[in-house]
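Here's the letter readout for the chains.
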Amino acid sequence: MHLHATDSPPQLSAEWLLDLTGDTLTWTRTHTKAAVAVRAPLTDLLLLVYKRRPATGAPIEILGDEQLLHFWLDRVSFE
């Protein structure tokens, strides 16, 4: 899964790849292709990850396997 903050300057590298293929989640700061990409302003990405805003509607843009994003959101918890 690729998360891309659309309102951050390029030098901040506000993009992350979440690798869900192993036994544990790993992440790197990189711009790369993924099964699903989520593009939004940084605050909206954070609110989405913490389940404080829905994944649908502006300004969030989902490209690729939207079901994978919802699968992950249903199972992840930062509480």
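Residues numbered from 1 in each chain as written. Predicted model: local features only at pLDDT ≥ 70, side-chain atom pairs only at ≥ 80, totals over all residues. Heavy atoms only, no water.

### Brief notes about the pairing of strand β1 (residues 2-5)
Alternating residues of β1 divide into His2 and His4 and Leu3 and Ala5, and every residue in both groups is buried. Summarising the sheet, β1 and strand β2 (residues 15-19) pair through 3 bridges and their orientation is antiparallel. Bridged to Leu3 within β2 is Trp16. Sheet topology note: the β1/strand β4 (residues 36-40) ladder contains 4 bridges and is parallel. Bridged to His2 within β4 is Ala37. (Buried < 20%, exposed > 50% of the residue type's maximum accessible area, 1.4 Å probe, protein only. Helix = DSSP H or I, 4+ residues; strand = E, 2+ residues; numbered from the N terminus. Pairing = 2+ DSSP bridges.)

### Quick word on a nonpolar patch on the surface
A surface patch of nonpolar side chains, about 310 Å² in accessible area, is lined by Leu46, Tyr50 and Phe78. Considering the arrangement of structural elements, one finds Phe78 in the segment after α2 (66-75). (Patch = residues over 30% accessible without salt bridge, like charges linked within 9 Å, V, L, I, M, F, W, Y side chains within 5 Å. Areas by Shrake-Rupley, 256 points an atom, 1.4 Å probe, with all protein chains shown as cover. Salt bridge = Lys/Arg side-chain N within 4 Å of Asp/Glu carboxyl O.)

### Comments concerning the pattern of salt bridges
Between side chains of opposite charge, a pair can form when the charged atoms approach closely. Summed over all chains, the structure comprises 2 salt bridges. With a closest N to O distance of 3.2 Å, Glu61 and Arg39 form a salt bridge. Taken together, the residues Glu61 in strand β5 (residues 61-64) and Arg39 in strand β4 connect sequence positions 22 residues apart. The exposure class assigned to Glu61 is partly exposed, which follows from its relative accessible area of 36%. The partly exposed category is assigned to Arg39, whose relative accessible area is 29%. Across the pair Arg53 and Asp44 runs a salt bridge whose closest N-O atoms are separated by 3.2 Å. Neither residue differs from the other here; Arg53 and Asp44 are each classed as buried.

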